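# Architecture at a glance
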Amino acid sequence: MWSVRALAATAALSLLAFSTTTFASEPKQGGILRMYHRDSPGNASIHEGATYSLNVPFMPVFNNLVIYKQDEAQNTMDNIVPELAESWAWVNDNKTLTFKLRQGVKWHDGKPFTSADVKCTFDMLMGKSQQKFRQNPRKAWYEQVNDVATNGDFEVSFNLKRPQPSLLALLASGYTPVYPCHVSPGDMRTHPIGTGPFKFVEFRANESIKLTRNTDYWRKGRPYLDGIEFTIIPNRSTAILAFVAGNFDMTFPTEVSIPLLKDVKSQAPNAICEVEPNNVSTNIIVNSSAPPFDNIDIRKAMALALDRKAFISIMFEGQGDVGGTMLPPPNGLWGMPKEMLQTIPGYGPDVNANREEAKKLMQKAGYGPEKHLAVKVSTRNIPVYRDPAVILIDQLKSIYIDGELDVVETANWFPKIARKDYMLGLNLTGNAVDDPDQSFYENYSCGSERNYTNYCNKEIEKLFDVQSQETDIAKRKKLVWDIDKKLQEDVARPIIFHARTGTCWQPYVKGVTVMTNSSYNGYRYEDVWMDK
């Protein structure tokens, strides 16, 4: 039986990035949305990326089977709507998820979209096809999928090894577009072909990315914009000045720091700005399979040395959140309660006592006032990484660790840490979906490409499966909290803080919604328009 909610959602379809379903005045067609981009993505293939530097410019090129409603700020299972699918149903004791597909959809090169494209996409993601992605950071999402089967051109089924209710949430992520079967992974890196509201025009590395309106889009009357142009400006202050001067219609999403937000509001008082959590944790990654960080005492000492409130005070003027792996409540749906969090070593309020304990662990490992541990602290060469890395280096001095900053360009950063070519790093982990399955399997399961620290605990991994199958939300939350607590106690990937950042746009830009529990899912732009 087909999902009533899915069919109702079909009738009330509202898909669009940065959108709203009601407007103060009638939406207008036309105009080029000008944005700056914070850095130059390594390529144009979303499936091979691990940063929303890819999602923001290239999500408009594609569609998913399903997507989170783009006019609701908080992503939940209840606001997933059809996109390339028209409806869905769970059958076979919830071990098969079947989609009926939209007919008459065309790829940007004119070829028809069919179920074969869905099967090709997910076969590649699962590593089952002859063609391979060069990088496949979210392969772990689909560990429970046995196969993807087609039934004619417009029906496709995901057959699972066991029930996994949150598979639908993973399919709704901005990281889960459907790719065309007839275009190679290599071509998708340089000239992506999609079914989305905008067509790819060009990508000039370190300069610009340009998209143009898809005049043959299946959702009639959309998009409103004629195109979107991104100018790549890595220097944050330079980019903000250009926005204030009116050279851009919108900032790069969630990239405006709290101090810079004050500059925007003082120099461009009519600009509309929102500060929200972005479900991106700043954390420490260590190569735990090589000396010296194969020593658990050194890893525990680093976690104990952290003054999380100092990070938040310096970087966000207090507007940030302390938490574990999952985004803290109320914006996050699965984060640990505060009282539980404070029982974890290093999370208590007495920073000096924590550091004294850390010093003892370092001395046990052979270090102390006369013998410091010298390490390179690797991080990505953009401000949201560099700034906290500098603070981390300063804080580690208190426990006999002397860090030297090692900055790495975006195109090289994720490949470098995926092959474990580092000792100690300051990383940002963006959660593409506010769901434990996404975070736990992708970042902490043994062998996952995005398990950058080589953390592997088979007993914990069994608990991943237990929570994944639990349909009672209250029971699942308690399981998730216990797992999250254990991950922090194991120093799997010490979480420093969860950021709150700003997005600004000129007052004539309409239809913008800033997501509050994932900064990866809201960039279709098909309902954005400009009143000028």
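- Within an unreviewed UniProt entry, the label attached to the protein chain reads ABC transporter substrate-binding protein, and the organism entered is Bradyrhizobium campsiandrae.
- The UniProt entry for the protein chain carries the following comment under Sequence similarities (unreviewed entry): "Belongs to the bacterial solute-binding protein 5 family."

## Remarks on empty space enclosed by the protein
- The full count for this structure, using the stated rule, is four cavities of 30 Å³ or more.
- Volume-wise, the second largest cavity comes out at about 50 Å³.
- For the second largest cavity, the full set of lining residues is Ala303, Arg308, Pro345, Tyr347, Leu487, Gln488, Val491, Ala492, Arg493 and Pro494.
- Counted by class, the lining of the second largest cavity contains seven nonpolar, one polar and two charged residues.

## Quick word on helix H13 (residues 410-418)
- Residues of H13 that are buried include every one of Thr410, Trp413, Phe414, Lys416 and Ile417, and no others. When H13 is viewed along its axis, its buried side chains cluster within an angular range of 160° and face the same direction.
- Its buried side turned inward, H13 meets strand S11 (272-286), strand S13 (373-380), helix H12 (383-396), strand S14 (401-408) and strand S15 (424-430).
- Following H13 by one or two positions, lysine 420 has its phi on the positive side, about 60°.

## Quick notes on the UniProt feature "domain: Solute-binding protein family" (unreviewed entry) in the protein chain
- With numbering aligned to this structure, UniProt lists the feature "domain: Solute-binding protein family" (unreviewed entry) at residues 79-448.
- For residues 79-448, helix accounts for 30% and strand for 24%, while the C-alpha atoms at its two ends are 29 Å apart.

## Regarding the state of the cysteines
- Applying the stated criterion to the full structure yields three disulfides.
- The disulfide partner of cysteine 120 is cysteine 181, and the S-S distance across this bridge is 1.7 Å. A residue pair is termed long-range when its members are at least 10 positions apart, and cysteine 120 in helix H3 (residues 115-125) and cysteine 181 in the loop between helix H4 (167-171) and helix H5 (185-190) qualify at 61 residues.
- Taking the relative accessible area as the measure of exposure, cysteine 120 reaches 26% and is therefore partly exposed.
- Between cysteine 273 and cysteine 504 runs a disulfide, and the two sulfur atoms are separated by 2.1 Å. Here cysteine 273 and cysteine 504 share a disulfide; its torsion about the S-S bond, 110°, makes the bridge right-handed. Within this pair, whereas cysteine 273 is found in strand S11, its partner cysteine 504 is found in strand S16 (residues 495-505), the two being separated by 231 residues in sequence.
- Take cysteine 273: its relative accessible area is 22%, and that puts it in the partly exposed class.
- Taken in N- to C-terminal order, the disulfide-linked cysteines of the protein chain are connected 1-2, 3-6, 4-5.

## Looking at the packing of helix H14 (residues 436-444) against helix H15 (residues 458-469)
- Two elements in contact, H14 and H15, have axes whose closest approach is 10 Å; the angle formed by their N-to-C orientations is 160°. Considered as vectors, H14 and H15 are oriented roughly antiparallel to each other. The handedness of the crossing between H14 and H15 is left-handed. Taken together, the residues of H15 that come into contact with H14 (itself represented by Pro436, Asp437, Phe440, Tyr441 and Tyr444) are Phe464, Asp465, Gln467 and Ser468.
- Classifying every residue of the contact of H14 with H15 by side-chain character gives five nonpolar, two polar and two charged.

Definitions and limits used
- Residues numbered from 1 in each chain as written.
- Predicted model: local features only at pLDDT ≥ 70, side-chain atom pairs only at ≥ 80, totals over all residues.
- Heavy atoms only, no water.
- UniProt positions renumbered as here; feature names shortened; annotations may be inferred.
- 1 Å grid on protein atoms, 1.4 Å probe; cavity = no way out; pocket = protein on both sides within 12 Å on 5 of 7 lines; lining within 4 Å.
- Points joined across faces, edges and corners; volume = space filled by probe spheres on them.
- Nonpolar A, V, L, I, M, F, W, Y, C, P; charged D, E, K, R; others polar.
- Buried < 20%, exposed > 50% of the residue type's maximum accessible area, 1.4 Å probe, protein only.
- Helix = DSSP H or I, 4+ residues; strand = E, 2+ residues; numbered from the N terminus.
- Arc of directions from axis to C-beta.
- Contact = heavy atoms within 4.5 Å.
- Disulfide = S-S within 2.5 Å.
- Axes fitted to C-alpha atoms, helices over the stretch in contact; angles between N-to-C directions.
- Parallel < 35°, antiparallel > 145°, perpendicular 65-115°, else oblique.
- Left-handed = near helix turned anticlockwise from the far one by under 90°.

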